[in-house]
Amino acid sequence: MDLMLSPDQEAVRKAVKTWVDDVVVPRSLPNDREERFPQEALDGLKQTGFIGMSIPEAYGGGGADPMSYVLMIEELGRGDANVRSIVSVHLGLVAGVLQRMGTEEQKSRWLPQMATGEVLACFGLTEPDHGSDAGNLTGTAVKQADGSYKINARKIFITNGTIAGLALIMARTGGAGSRGVSAFLVPTDTPGFTANQIHGKLGLRSCDTAELVLEDVVVGEDALLGGVEGTGIKAALSALNDGRMSISASCTGIMQACLDSMVEYTTQREQFGKKIAGHQLVQELLADTAVQLDAARLMTWRVADLKTRSEDYSLAASKAKLFTTEASVVAANNCVQAYGGYGYVDEYPAGKYLRDARVTTLYEGTSQVQKLIIGRALTGINAF
Ligand SMILES: Cc1cc2nc3c(=O)[nH]c(=O)nc-3n(C[C@H](O)[C@H](O)[C@H](O)COP(=O)(O)OP(=O)(O)OC[C@H]3O[C@@H](n4cnc5c(N)ncnc54)[C@H](O)[C@@H]3O)c2cc1C
């Protein structure tokens, strides 16, 4: 399984795994129970440098290649999807696209602060009435006589929303449709910017999820990503390619956590005078999960490999996202089943795995949206 990894990549995986087992795993269930933000993990992400892992060394980051990034995200996802979310959004959804599409001035201003975690980033695309149909979003950024932009927008379900210092905000600068949308790098302390935490989530309970309200937020011309209007949806889609690779890695991690805990539990628990792992139908749960896990990991690694070779990885990312997210829900459900009634109470992590996995088929393009992307690539017909 590990034959594609270099010694450096193996070392990254080992370092993150050790840290996750020491710092993240012990707090994962208590934080979930209390809806408590994993501050100790965020502090650790900064101390270890994992928070800036994929940012180029020239900007103070770790300069990690895509495969090392994916290995880190898988380990974080195995330990706690809430902790993984902080990093995926910060690096996968914002730092990457800033690096690809930002001006040199924008990169020099933000990436060094993001590399240390001094500034965390959030990604503001979704609006209350425009989720899957983000290309028709209605938040506006109106150019003023002095060249600045006045932004009025509401964004919903924004990960890192209340803790971020920087928000990448997609808002309409031109006419209808996706070509009229631009992307802005908005400091969250700009007057008129507020973030309200959203509670009562099914899963990702210790993750920071917020509604953003931008009321007459004025930013300079230099906040326009790349200095070009009309590229907001292009930027968002580029970010989502990396985001989908991240989610695939995280789901692989959730599946690994499910399998590990199922093996541990079923080889200890006894019913009918023997370990429950000795019952064939229980072994079926383990075997099915193990096979799906291998497939999930390999599909994720393929995306990282294409990205490393600078090939188009968007379709592979959609396929991996569709497969791994759906498979992680099945794996977590198998995990609950293997634990019996104990899987239904929060003494064990099985229920948390299921609740945390469940959101992954919804965000960064639902499963239906991924199928439409794949179908369009196969037929040339846009069925959206
Ligand atoms: C915990 C969490 C964190 C999130 N983090 C972020 C974030 O950081 N930044 C951000 O911008 N957004 C974020 N989101 C928002 C997320 O990306 C959206 O919820 C998602 O894109 C779906 O949009 P929607 O909720 O409006 O659902 P809708 O778009 O209303 O979809 C509802 C249903 O209709 C289906 N549907 C819609 N259109 C079609 C179609 N053409 N064909 C077939 N089926 C269709 C969908 O698949 C879905 O089943 C987050 C969401 C959650 C829950």
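If you're wondering where the values come from, they're calculated on a predicted model, not measured in any experiment.

Conventions used here
- Residues numbered from 1 in each chain as written.
- Predicted model: local features only at pLDDT ≥ 70, side-chain atom pairs only at ≥ 80, totals over all residues.
- Heavy atoms only, no water.
- Salt bridge = Lys/Arg side-chain N within 4 Å of Asp/Glu carboxyl O.
- Buried < 20%, exposed > 50% of the residue type's maximum accessible area, 1.4 Å probe, protein only.
- Helix = DSSP H or I, 4+ residues; strand = E, 2+ residues; numbered from the N terminus.
- Phe/Tyr/Trp six-rings, centres within 6.5 Å; stacked < 30°, edge-to-face > 60°.

Description of the pattern of salt bridges
Argument step 1. Counted under the stated rule, the structure contains 18 salt bridges.
Argument step 2. The shortest N-O distance in the salt bridge between Glu40 and Arg36 comes to 2.9 Å.
Argument step 3. Accessibility expressed as a relative area gives 22% for Glu40, which makes it partly exposed.
Argument step 4. Arg154 is the partner of Glu211 in a salt bridge, and the nearest nitrogen-oxygen pair spans 2.5 Å. Taken together, the positions of Glu211 in strand E7 (residues 209-219) and Arg154 in strand E3 (residues 149-159) put the pair 57 residues apart, joining distant regions of the chain.
Argument step 5. Here the residues in one salt-bridge network are Lys17, Asp21, Glu75 and Arg78, joined through shared partners.

Some thoughts on the packing of aromatic side chains
Argument step 1. This model, assessed by the stated rule, comprises six aromatic pairs.
Argument step 2. With 4.2 Å between their ring centres and 20° between their planes, Tyr265 and Tyr339 make a pair best called stacked. In this pair, Tyr265 is assigned in helix H6 (residues 232-266) and Tyr339 in helix H8 (residues 314-339), connecting sequence segments 74 residues apart.
Argument step 3. Look at Tyr339 and you get buried, because its relative accessible area is 6%.
Argument step 4. Aromatic pair Tyr265 and Tyr348: ring centres 5.5 Å apart, planes at 70°, arrangement edge-to-face. Of this pair, Tyr265 sits in helix H6 while Tyr348 sits in the loop between H8 and helix H9 (350-358); the two residues are 83 residues apart in sequence, bridging distant segments of the chain.
Argument step 5. Here Tyr265 falls in the buried class, since its relative accessible area comes to 9%.
Argument step 6. Accessibility expressed as a relative area gives 25% for Tyr348, which makes it partly exposed.
Argument step 7. Members of the aromatic cluster, each reached through a chain of ring pairs, are Tyr265, Tyr339, Tyr342 and Tyr348.

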